[in-house]
Amino acid sequence: MSDAQARPIEARNLEVALGGAPILRDVSLALAPRAVTAIVGPNGAGKSTLLETLAGLRRPDTGAVDLDGAPLLGMKPRERARRVGFLPQTPEVAWAVTVRTFVGLGRTAYTGPWGLGREDHEAVEAAMSAAGVSDFAERVVTTLSGGERARVFVARALAGRPAWLLADEPLTGLDPGHALDALALFRGLAEQGSGVVVTLHDLSLAARVADRVVVLAQGRIVADGPPESCLAPEVLRAAYGVEAVIVQGAEGPLIEVLRRAG
Amino acid sequence: MTPWPRWGVYAAAAGLLAILAFASLSAGRVWVPWSAWSATADDPRWAIVFGLRAPRTLLAILVGGALGLSGAALQGYTRNALADPGVLGVSAMAAFGAVATLYFGLAGGAPWVLPAAAMIGAGAGVVVLLALAGATSSLVTFILAGVIVQTIAGAGVALALNLAPDPWSVNEIVNWLMGSLADRSVEEVRLAAPGVLAGCALLLTLGRSLDALTLGETGARSLGVDLGRARLLLAVGVALAVGSSVAVTGVIGFVGLVTPHLLRPFVGARPGALLLPSFLGGAILVLAADILVRLTPAATEVKLSVAMTALGGPFFLAILIGMRRRLA
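Here we summarise the structure given alongside this text.

What counts as what
Residues numbered from 1 in each chain as written. Chains lettered and ligands numbered in written order. Predicted model: local features only at pLDDT ≥ 70, side-chain atom pairs only at ≥ 80, totals over all residues. Helix = DSSP H or I, 4+ residues; strand = E, 2+ residues; numbered from the N terminus. Rg over C-alpha atoms; globule rule 2.2 N^0.38 Å. Buried ≥ 20, exposed ≤ 12 C-beta atoms within 10 Å, placed from the backbone. Contact = placed C-beta atoms within 7 Å. Nonpolar A, V, L, I, M, F, W, Y, C, P; charged D, E, K, R; others polar. Pairing = 2+ DSSP bridges. Axes fitted to C-alpha atoms, helices over the stretch in contact; angles between N-to-C directions. Core = buried A, V, L, I, M, F, W, Y, C linked by C-beta atoms within 7 Å. Parallel < 35°, antiparallel > 145°, perpendicular 65-115°, else oblique. Left-handed = near helix turned anticlockwise from the far one by under 90°.

## As for the overall build of chain B
Then, in step 1: Looking only at helices and strands, chain B has 13 helices and zero strands in total.
Then, in step 2: Its helices and strands in sequence order give chain B the pattern α-α-α-α-α-α-α-α-α-α-α-α-α, from N to C terminus.
Then, in step 3: Relative to a compact globule of 328 residues, whose C-alpha radius of gyration would be 20 Å, chain B shows 20 Å and is just as compact.
Then, in step 4: Dimensions of chain B, computed from C-alpha atoms along their principal axes, come out at roughly 65 × 55 × 35 Å.
Then, in step 5: Residues counted as buried form 51% of the 328 residues belonging to chain B.
Then, in step 6: A fraction of 80% describes how many contacts in chain B between residues 6 or more apart in sequence connect residues 24 or more apart.

## Let's talk about the interface of chain A and chain B
Then, in step 1: Taken together, the contact between chain A and chain B spans 20 residues of the former and 20 residues of the latter.
Then, in step 2: Broken down by element, the residue count for the side of chain A that touches chain B peaks at four residues, all from helix α2 (residues 77-83) of chain A.
Then, in step 3: Broken down by class, the residue content of the side of chain A that touches chain B amounts to 14 nonpolar, three polar and three charged.

## What about unusual backbone geometry?
Then, in step 1: The phi torsion at Asn13 of chain A lies on the positive side, around 50°, for a residue other than glycine.
Then, in step 2: Position of Asn13 of chain A among the secondary structure elements: in strand β1 (residues 9-18).
Then, in step 3: What makes Asn13 of chain A partly exposed here is the crowd of 13 C-beta atoms within 10 Å.
Then, in step 4: At Arg79 of chain B, a residue that is not glycine, the phi angle is positive and equals roughly 50°.
Then, in step 5: You can see Arg79 of chain B is positioned in the loop between α2 (44-78) and α3 (90-103).

## Some thoughts on the sheet that holds strand β8 (residues 195-199) of chain A
Residue and element names in this part refer to chain A.
Then, in step 1: Strand order in this open sheet of six strands is β6-β7-β8-β3-β9-β10, and the pairing throughout is mixed. Only two strands of the sheet have a single partner each, and these edge strands are β6 (84-87) and β10 (220-225). Each strand axis lies, on average, 15° off the axis of its neighbour in the sheet, ignoring direction.
Then, in step 2: One ladder, built from four bridges, connects β6 with strand β7 (residues 164-168); its direction is parallel. Each bridged residue has a counterpart across the sheet, and for Leu87 the counterpart in β7 is Ala167.
Then, in step 3: Across the face of the sheet, helix α1 (residues 47-54) comes into contact with β3 (35-40), β7, β8 and β9 (212-217) while running at roughly 155° to β8.

## Some words on the sheet that holds β1 of chain A
Residues and elements named next belong to chain A.
Then, in step 1: Across the sheet, which stays open at both edges, the four strands sit in the order β2-β1-β4-β5 with antiparallel pairing between neighbours. Of all strands in the sheet, those with a lone pairing partner are β2 (21-31) and β5 (70-71), marking the two edges.
Then, in step 2: Looking at chain direction, β1 and β2 are connected through seven bridges and run antiparallel. By the bridge assignment, Ala17 is partnered in β2 with Pro22.
Then, in step 3: Running at roughly 130° to β1, α1 makes contact with β1, β2 and β4 (62-67) of the sheet.

## Quick word on the nonpolar core
Residue and element names in this part refer to chain B.
Then, in step 1: Among the nonpolar cores identified, the biggest contains 186 residues, and Ala73, Ala95, Ala122 and Val238 are the most heavily contacted of them.
Then, in step 2: Here the element with the most residues in this core is helix α12 (residues 271-295); it accounts for 13 residues.
Then, in step 3: Those residues in contact with Ala95, other than ones at most four positions away along the chain, are Ala153, Val157, Leu177, Val246, Gly250 and Val251.

## Some remarks on the environment of Gln75 of chain B
All names here are of chain B.
Then, in step 1: Within the secondary structure, Gln75 sits in helix α2.
Then, in step 2: Each C-alpha atom, one on Gln75 and one on Pro271, is 7.9 Å from the other, the two residues being 196 residues apart in sequence.
Then, in step 3: Filtering out sequence-adjacent residues up to four positions away, Gln75 remains in contact with Asn80, Ala81, Ala83, Pro260 and Pro271.

## A short note on the packing of helix α11 (residues 255-267) of chain B against α12 of chain B
Residues and elements named next belong to chain B.
Then, in step 1: Remark: α11 packs on α12, axes separated minimally by 9 Å, with the N-to-C direction vectors making an angle of 120°. In terms of axis orientation, α11 runs oblique to α12. Between α11 and α12 the crossing geometry is right-handed. Residues Val255, Val258, Thr259, Pro260, Leu262, Leu263 and Val267 of α11 lie in contact with α12, whose contacting residues are Ala273, Leu274, Pro277, Ser278, Gly281, Gly282, Leu285 and Val286.
Then, in step 2: Among the residues making up the contact of α11 with α12, the classes are represented as eleven nonpolar, four polar and no charged.

Put into structure tokens, the structure is as follows:
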């Protein structure tokens, strides 16, 4: 789907504090394209803040994020938006617009004063078809169910055809079938040369779909690597404070949380 | 209701505007019959049409357009269907600026002093509002911010009235405050037109940013929208357009609130698509209202602002009842 092949993103020594409380502490992360990276961690670990910082939407107190060797914050907003797509955790829909119009907003970084052109319309139709929302393209977004909306948000992010897609909990509200569809979509993007970074809560899904897992706890990276080594019982105990059992199934690991560690 | 095609909206609005403009030139104490249109310059009816009514018609289009477009832009930026320069106190701040020049006797110095003060007042109002609205996305806080701006402006005007040196100044200020298009001349058109047109031109460039703001501030930024720039354009655009309007007609409320609401069924809810139609719609609304007040059979003409408020108040209530259902 993406026009450009993704270039590496490199974050160095990120520190972010909000209202005096440290959210990210010395986070360094090099992200390679052609992979799905899952960021997992307990509530309040700093996942959303990290994703926003990686997307160039938040200025870190110290440290920097580079895209292809150039500082992300130094780029023109439009240029950055074309290269890095971002899907917020709870996207706002302020007006009662149709799905097609809403997905069309994903083309903002490409459109001029005269609205969408032919290429934009093609991208919108392709994104709606990929996310499975073409059937209700003329319905008003604010009248859709939570799961249908979540797919519309994914379509909106795809419509911009960014080389990088950073999605904050994109599976929230999706039933198991549609969650798998969305993950397959992300995998497909990565195989075509994009870079995909998602925050996830479902550890089993993360283990099966991600090429790389970054475990965040209290603003620090506590584990980073392939799912097998990162989603291990001792890591989960340290990060989440839970005892978990990991069963190697035929199609990947199943992670079941048993009880609070104590 | 399915929105109309874009050309259909513009064609309908332009047609309606043309008919009303024609009616506005003809209507009044003295009706201008068809034969007058072929009259020569020494015919007295010619003087009525072009000396008295044409400036009034032009001003109605300019001021109505400025208020309608400012309302649509403010609603788009704040993602709040109750935003309006009148309701949020921006017009009142412009009036405060203008009244201050009347009070201090500065307005007589040069014709641009009063409009300039009105623009500064309107600009200050928008800046305060956006500062408060930027810090919170809560509807209640935002409306309260508008109430506060309105109150401060009202207090300033009341103070000027209170301290006015003589009853004639009080009369002048009160008369001016009640917005009207009566007895305006080409001078007023000349005074208002540059600010209105420049402000509207700035506001019309905001379409893409306002559309993107449908996704909220983070969403819009992620799409490459420079929100600081959008905010600046909005503040300067509204200050120029509303400030110049208030300077020559006084405060005419509710146009910016009502116009986008009436247009959404035809145009759709996308804020960028509402901008130009709201200019045309505001012009139509004020033009129609001004024709109606001219035709009221009272000895004194009803002031346009009084008529607009009488219509706008119940309309505001109806919107609020509709919104309460959504918010509850």
